[in-house]
Amino acid sequence: MKFINSKALLLFFVMLFTSLSVSAQEIIKETDTVDVKVPVKTGRQKIDGIIATVGDYIILDSDIDKSFLELSSQGNSTKDITRCQMLGKLMEDKLYAHQAVQDSIKVTDAEVKGMMEERLNYMVEQIGSIEKVVQYYKKDSEEDFKTYFFDILKENKLTSEMQKKIVDAVEITPEEVRNFFKGIPKDELPLFGAEMEVAQIVVTPKVSEADKQKVIDRLNAFRDEIISGSSSFATKAVLYSEDPGSRSSGGFYKMNRKTPFVKEFKDIAFALKEGEISAPFETEFGYHIILVEKIKGQDLELRHILLAPAVTRASLDEAKEKISLIRKRIIDKEITFADAARTMSDEKETRANGGVLINPKTQDTRFELTKMDPVLYGEVSSLKDNEISQPIMDEEKQGKKKYKLITVTNRINEHAADYGKDYIKIKDLALKEKQIKAIGKWFDEKIGETYVKVLGEYRDCDFTNNWLKK
């Protein structure tokens, strides 16, 4: 968007680049050695050395080449990225990490080890063996590679936590949203693509009391072993928890009252004392136990283990029969889809508003077709207006199965931004611009307070940020 200034745009652009080895997708799928061309400086070859210092962190000339290599290995074009721009990005990451340490942002070794285990497993799966991973990163041994990778992951985690802290502190008022929209020239109004609103009815298979008790007994056994000291909570979580979001990090979460966890989980977590382990309790995801490791004011550091009771074939068949009868009643006009959702759907999040889905990315009821989740798009793309899908078996990441009916309740054609109709999207754009400005201001302040040095030919770079303190 032309109305956002160029400095802010570039700041936002460089934030989108993934830092060296920040995600498992960086590992390319070829199992042999890979020839990737990276930009190199012309002229005399020089020995690798320190080219910049930011706080407690240094950057080597070879770090720029490694960053180009990583971007290329992900299939990204690097032809329009200069070495100066790449150095600027690396310096931003170092400043984030340095300031995170200054602000006492904690990243535990257990968190990093959990991240490393998960990503190493992915790397090995893609490349073929840990030996090939070590070879790809040009390290002498597995131990040498893991030490190197641990440091990178920890720095990346510090960087992301610092970014999050800055962005989360930015709020926007309705007046600011209105002024943002008024400031957009009419011929530059954002164009929003075709959208639709979708509703669903969910029937969840019933679990027997006996199967529930088996899970409760198992969690109680875990709790007893942990309390007796014969096992650690983190180990049990890695081995047995069915929560994919925290299993690899030993069940670890940081949370406060605003963290979007279900109410039952929050209520138990904030009722525990430091070091205390809860009794098993139920949420819509299954049964949990929680260990509160640290209480820092309004923030908690905790671990949890999730187990879900097994669902029998008979229960699945019963759920399918029930949702088929609901569909027939709607088609026979005995009840509307919305009323059926309110009275018969097992999904609490959508039941109250007639089954209408909320877009998790925008918190709006609209789904832009080009950005819709591929699975959801596949389920609704062929539906006509007011048509109801056949019962659909849906399996969540935790392995929980359910049946659902889906219908399209509204279709919105492609259109230029309208303040009344598109307020949520416009608010999101305004907030992003304000966040970009906050990040720019943060860099200006922190660069002035931090020891920063750029050496050699890189002092001639035209950086976006004032790294040279001119």
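Whatever comes next refers back to the structure up there.
Parameters at a glance
- Residues numbered from 1 in each chain as written.
- Predicted model: local features only at pLDDT ≥ 70, side-chain atom pairs only at ≥ 80, totals over all residues.
- Heavy atoms only, no water.
- Axes fitted to C-alpha atoms, helices over the stretch in contact; angles between N-to-C directions.
- Helix = DSSP H or I, 4+ residues; strand = E, 2+ residues; numbered from the N terminus.
- Parallel < 35°, antiparallel > 145°, perpendicular 65-115°, else oblique.
- Contact = heavy atoms within 4.5 Å.
- Nonpolar A, V, L, I, M, F, W, Y, C, P; charged D, E, K, R; others polar.
- Buried < 20%, exposed > 50% of the residue type's maximum accessible area, 1.4 Å probe, protein only.
- Pairing = 2+ DSSP bridges.
- Core = buried A, V, L, I, M, F, W, Y, C linked by side-chain atoms within 4.5 Å.
- Phe/Tyr/Trp six-rings, centres within 6.5 Å; stacked < 30°, edge-to-face > 60°.
- Salt bridge = Lys/Arg side-chain N within 4 Å of Asp/Glu carboxyl O.
- Arc of directions from axis to C-beta.
- 1 Å grid on protein atoms, 1.4 Å probe; cavity = no way out; pocket = protein on both sides within 12 Å on 5 of 7 lines; lining within 4 Å.
- Points joined across faces, edges and corners; volume = space filled by probe spheres on them.
- Disulfide = S-S within 2.5 Å.

**Here we look at the packing of helix α7 (residues 174-182) against helix α15 (residues 423-449)**
Where α7 meets α15, the closest approach of the two axes is 9 Å, and the angle between their N-to-C directions is 90 degrees. When the axes of α7 and α15 are compared, the pair comes out roughly perpendicular. Within the contact between the two elements, α7 uses P174, E176, V177, F180 and F181 and α15 uses Y423, I426, K427, L429, A430, E433 and K434. When its residues are assigned to classes, the contact of α7 with α15 shows 8 nonpolar, no polar and 4 charged.

**A word on the environment of M393**
Its place among the elements puts M393 in strand β10 (residues 392-395). According to the relative accessible area criterion, M393 is partly exposed, its value standing at 36%. In this structure the C-alpha to C-alpha distance between M393 and V203, which are 190 residues apart in sequence, comes to 10.0 Å. If we ignore the near neighbours within four places in the chain, the residues touching M393 are L316, K401, K402 and Y403.

**Comments concerning the sheet that holds strand β5 (residues 252-255)**
Across a sheet, paired strands are connected by hydrogen bonds in the backbone, their directions being either parallel or antiparallel. If you walk across this open sheet you meet the 4 strands as β5-β8-β7-β6, and the pairing is antiparallel. Of all strands in the sheet, those with a lone pairing partner are β5 and β6 (281-283), marking the two edges. Pairwise comparison of adjacent strand axes, ignoring direction, gives a mean angle of 45 degrees for this sheet. Direction of pairing for β5 relative to strand β8 (residues 299-307): antiparallel, over a ladder of 4 bridges. Each bridged residue has a counterpart across the sheet, and for F252 the counterpart in β8 is R303.

**Some details on the nonpolar core**
The biggest cluster of nonpolar side chains holds 51 residues, and the ones touching the most others in it are L87, M91, F145 and W467. With residues near it in sequence (within four places) discarded, F145 still touches L120, M123, V133, V134, Y137 and K139. By size, the runner-up hydrophobic cluster in this structure holds 17 residues, among which are A199, V203, I330 and M344.

**Points about the packing of aromatic side chains**
Inspection of the entire model under this criterion finds 12 aromatic pairs. Considering the side-chain rings of Y253 and F261, the 5.1 Å spacing of their centres and the 80 degrees angle between planes classify their relative orientation as edge-to-face. Ring geometry for F443 against W467: centres 6.2 Å apart, planes inclined by 75 degrees, an arrangement best described as edge-to-face. Pair noted here: F443 is in helix α15 and W467 is in the segment after β13 (452-454), with a separation of 24 residues, a long-range link. The exposure classification of F443 matches that of W467, with both residues buried. Through a chain of ring-to-ring contacts, the aromatic side chains of Y96, W442, F443 and W467 assemble into a single cluster.

**Comments concerning the pattern of salt bridges**
Tallying each qualifying case throughout the model produces 34 salt bridges. The residue K432 makes a salt bridge to D428 at a minimum N-O spacing of 2.7 Å. You can see K432 and its partner D428 sitting in helix α15, 4 residues apart, about one turn around the helix. The exposure class assigned to K432 is partly exposed, which follows from its relative accessible area of 33%.

**Here's the deal with helix α12 (residues 337-344)**
For an α-helix the count is 3.6 residues per turn, leaving residues at separations of three or four pointing the same way. Here α12 has its buried residues at F337, A340, A341 and M344. An end-on view of α12 places all buried positions within 105 degrees of arc, on one side of the element. If you follow the buried residues of α12, they end up packed against β4 (195-203), α11 (313-331), α13 (348-351) and β11 (401-412).

**Some details on the layout of surface pockets**
Put simply, the second largest pocket is a space of about 1400 Å³. If you trace the second largest pocket, you find 37 residues lining it, with E161, K164, D168, K254 and N256 closest to the centre. The element contributing the most residues to the lining of the second largest pocket is helix α6 (residues 142-168), with 6 residues. Considering only residue class, the lining of the second largest pocket consists of 11 nonpolar, 8 polar and 18 charged.

**Some details on the state of the cysteines**
In a disulfide, the sulfur atoms of two cysteines are held together by a covalent bond. One pass over the full model with this rule turns up 1 disulfide. The disulfide bridge from C84 ends at C461, spanning 1.9 Å between sulfur atoms. Looking along the S-S bond of the C84-C461 disulfide, the torsion reads about -70 degrees, which is the left-handed sense. Placement of the pair is C84 in helix α3 (residues 83-102) and C461 in the segment after β13, with a sequence separation of 377 residues. The exposure class assigned to C461 is buried, which follows from its relative accessible area of 7%.

**Thoughts on the side chain of D422**
For D422, the position within the fold is in the loop between β12 (415-416) and α15. On the accessibility criterion, D422 (1% relative accessible area) is buried. Every residue in contact with D422, bar those within four places of it in the chain, is listed here: F192, R366, H415, A416 and A417.

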